[in-house]
Amino acid sequence: MPAVATATATATATATAAEPSVCAPLPVLGRDVAVPLVTGGEVTYAALDQAASAPALQRVWDDVAAYAPYYGSVHRGAGYLSQLSTDLFENARRTVAEFLDCRDGDEVVFTRSTTDSLNLLAAALPDGCEVFVFETEHHAALLPWLRAGRVTFLDAPDSPAQAVAALERTLADRDPYGPALVCVTGASNVTGELWPVRELAAAAHAHGARIVLDAAQLAPHRAVSVRELDVDWVAFSGHKLYAPFGSGVLAGRADWLREAEPYLAGGGASRTVVRRADGGVDVRWHETAARHEAGSPNVIGAYAVASACKALTEAGFEALAAREDALVRAVREGLADVPEVRFLSLFGDDAPRVGVLSFVVDGWNSSHFAAALSAEYGIGVRDGLFCAHPLVRRLLGGDTGGAGECGAQEPGALNAIGVSFGAGTPEEHVARFVRAVRELVRDGARWTYRTVDGRCVPDASGRA
């Protein structure tokens, strides 16, 4: 079977142990897209909301385009294209397992997203399982366990050490003989701060609990090793990993997944279906990852995830992280002398983090500020509560002015502004963002804005 053509390999960066080199941005789609400004003219769009969705790597797009003519059904056909697509799908599973440094016997299940992955695991919890989760989690990691039974929500810690100590105290009080699960993030989608995953895993295991890592914000920015972190499961989304084709991953221990009822009932999850004499139906379900992958799988999504995993591995996470750290410093140092700007953090301004920063601007509604960045400077950022309402309320001292759904807010509400970047972010976009924030704080918006459905939008009346 011939191999599907791949894109030209991205340049790799060699990093020394003492001082990793800073690589150039990886080529991504949309890097040359021009957007109109309300003040006239156009500018290259600066995509600085990559914690929500990152642009596709050019390599991912090229790999998918090369495969597209060979597209066929997976696990469901004897034809050449079906066999090739099946092989591609299963090879993608192996690539993801290597990317995550999975253990022998671990399963890699393809899902739709991190949210889907954690809901799948929640549906697979054994009876009586207790779940422990910090209030700081994204809703994708905070809410699925509500259906599972007993859930203990831990208060936001002030430091990594406090997080570990709080978990140890809480687990020490539980029934040591019953099943338990801890859910933790690897990097906050609000503050970008890195969490002490290895230490939290050790605390969980010391008290007979298992642990699942929400790596949605971690995997695009840092190497994730299931073995080294000693987590039982890891979940992430393709659309944050520069592979926006509707695929996610749940990888880890097979036993709870194998013993649970299929997440979805249907073809692909079933091995045999037999009609009984009494009119009923007997079903034998698969005992591998297929058990939870009913329906025709998203082979393009899985292949895109695998392509992104290869591209990031070849580029080198040390070099990518060094470049990202430089961008974080550029933002923080560029706005250090603007007293109206206050960055949000749990662990302190110097805490290690990925390329995610959130802040508030005194005297500004966050929606108004974000709208002005977009309309007047061509910069896309996030504003609101970032689908992590308890955490943002904690960081803002509880004063959010009555926020609504994720990404929305009521007029006048005090919410945060989020800026995030990644492997494909040009330095110019970060420099433009810093300049724009300084100008808006100093001079105000150059255009008038009005509220529509709870959000600020440019008004047709024109300049302010």
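Keep in mind it's a predicted model, so treat the numbers as computed, not measured.

Novice: Before we move on, could you go through the overall build of the protein and cite the residues and values that matter?
Specialist: Helix and strand content of the protein: 13 helices and 19 strands. For the protein, whose C-alpha radius of gyration is 23 Å, the value lies close to the compact-globule estimate of 23 Å for 464 residues. With the principal axes as the frame, the protein shows a C-alpha extent of 80 × 55 × 55 Å. Considering only residue pairs separated by 6 or more positions, the protein has 71% of its internal contacts joining residues 24 or more positions apart. Summed over its atoms, the accessible surface of the protein is roughly 19,300 Å², and 51% of this surface lies on carbon and sulfur atoms.

Novice: Kindly report on the pairing of strand β14 (residues 356-361), identifying the contributing residues and their values.
Specialist: Looking along a regular strand, one sees the side chains alternate between the two faces of the sheet. Among the six residues in β14, six count as buried, and that is most of the element. What you see with β14 is no split at all: Val356, Ser358 and Val360 on one side and Leu357, Phe359 and Val361 on the other are buried throughout. Alignment of strand β13 (residues 341-343) against β14, held across three bridges, turns out to be antiparallel. Residue valine 341 lies in a different strand from β14, and its bridge partner there is valine 361. Sheet topology note: the β14/strand β17 (residues 416-420) ladder contains four bridges and is antiparallel. Bridged to serine 358 within β17 is glycine 418.

Novice: Would you mind going over the pattern of salt bridges in detail, with residue names and values included?
Specialist: All told, the structure shown has 25 salt bridges when counted by the stated rule. Among the ionic pairs, glutamate 90 bridges to arginine 93, the shortest N-O distance being 2.9 Å. A residue pair is termed a helical-turn pair when its members lie 3 or 4 positions apart in one helix, as glutamate 90 and arginine 93 do in helix α2 (residues 80-99) at three residues. Relative accessible area serves as the criterion here: at 11%, arginine 93 is assigned to the buried category. Of the charged contacts, one joins aspartate 383 and arginine 455 as a salt bridge, the two residues approaching to 2.4 Å between their closest N and O atoms. Within this pair, whereas aspartate 383 is found in strand β16 (residues 382-384), its partner arginine 455 is found in strand β19 (residues 455-463), the two being separated by 72 residues in sequence. Residue classification places aspartate 383 among the buried positions, given a relative accessible area of 4%. Residue classification places arginine 455 among the partly exposed positions, given a relative accessible area of 28%. What you see here is one network of salt bridges that share partners, running through Arg210, Asp232, Arg253 and Asp255.

Novice: So what's going on with the packing of aromatic side chains? Which residues, and what values?
Specialist: Under the definition given, this model contains 13 aromatic pairs. Measuring from centroid to centroid gives 5.7 Å for tyrosine 67 and tyrosine 303, while their planes differ by 70°, and the two rings are edge-to-face. Note that tyrosine 67 is positioned in helix α1 (residues 58-67) and tyrosine 303 in helix α9 (residues 299-315), a separation of 236 residues in sequence. What makes tyrosine 67 buried here is its relative accessible area of 0%. Members of the aromatic cluster, connected to one another through ring pairs, are Phe343, Phe359, Trp364, Phe369 and Phe433.

Novice: Describe the confidence of the model for the protein, with residues and values.
Specialist: For the protein, per-residue confidence averages 91 on the pLDDT scale, and residues scoring 70 or more make up 92% of the total. When the criterion is pLDDT under 50, residues 1-20 qualifies, and its contacts beyond four places in sequence or with other chains add up to 40 contacts. Segment residues 402-412: pLDDT under 50, and 27 contacts once partners within four positions in sequence are set aside and those in other chains are kept.

Novice: Break down the sheet that holds strand β9 (residues 233-237) for me, with residues and values.
Specialist: Strand pairing in a sheet takes place through backbone hydrogen bonds and is either antiparallel or parallel in direction. Pairing within the open sheet is mixed, and its seven strands lie in the order β4-β10-β9-β8-β7-β5-β6. Taken across any chain shown, the strands that pair with only one partner, and hence form the sheet edges, are β4 (107-111) and β6 (151-154). Neighbour-to-neighbour, the strand axes of this sheet turn through a mean angle of 20°, independent of strand direction. Judged from the three bridges that link them, strand β8 (residues 210-214) and β9 form a sheet pairing that is parallel. Bridge pairing in β9 links leucine 213 to valine 234. Sitting on the sheet, helix α5 (residues 160-172) touches β5 (130-134), β6 and β7 (180-185), and the angle it makes with β5 is about 160°. Along the sheet, helix α6 (residues 197-206) makes contact with β5, β7 and β8, crossing β8 at roughly 155°.

Novice: Pulling in residues and values, what's your account of the pairing of β9?
Specialist: Counted residue by residue, β9 has five buried out of five residues, so it is predominantly covered. Side chains Trp233, Ala235 and Ser237 of β9 all project onto a buried face; the interleaved residues Val234 and Phe236 project onto the opposite face, where all are buried too. Alignment of β9 against strand β10 (residues 248-252), held across five bridges, turns out to be antiparallel. Note that in β10 the partner of tryptophan 233 across the bridge is glycine 252.

Novice: Just give me the short version of the sheet that holds β16, but keep the residues and values in it.
Specialist: Spatial strand order, β13-β14-β17-β16: four strands in an open sheet with antiparallel pairing. Here the strands that pair on one side only, and so sit at the sheet edges, are β13 and β16. Across this sheet, the average inter-strand angle for adjacent strands is 30°, counted without regard to direction. Note that β16 and β17 share three bridges and pair antiparallel. Each residue of the ladder has a partner; that of glycine 384, found in β17, is alanine 416.

Scoring rules and cut-offs
Residues numbered from 1 in each chain as written. Predicted model: local features only at pLDDT ≥ 70, side-chain atom pairs only at ≥ 80, totals over all residues. Heavy atoms only, no water. Helix = DSSP H or I, 4+ residues; strand = E, 2+ residues; numbered from the N terminus. Rg over C-alpha atoms; globule rule 2.2 N^0.38 Å. Contact = heavy atoms within 4.5 Å. Areas by Shrake-Rupley, 256 points an atom, 1.4 Å probe, with all protein chains shown as cover. Buried < 20%, exposed > 50% of the residue type's maximum accessible area, 1.4 Å probe, protein only. Pairing = 2+ DSSP bridges. Salt bridge = Lys/Arg side-chain N within 4 Å of Asp/Glu carboxyl O. Phe/Tyr/Trp six-rings, centres within 6.5 Å; stacked < 30°, edge-to-face > 60°. pLDDT = per-residue confidence, 0-100. Axes fitted to C-alpha atoms, helices over the stretch in contact; angles between N-to-C directions.

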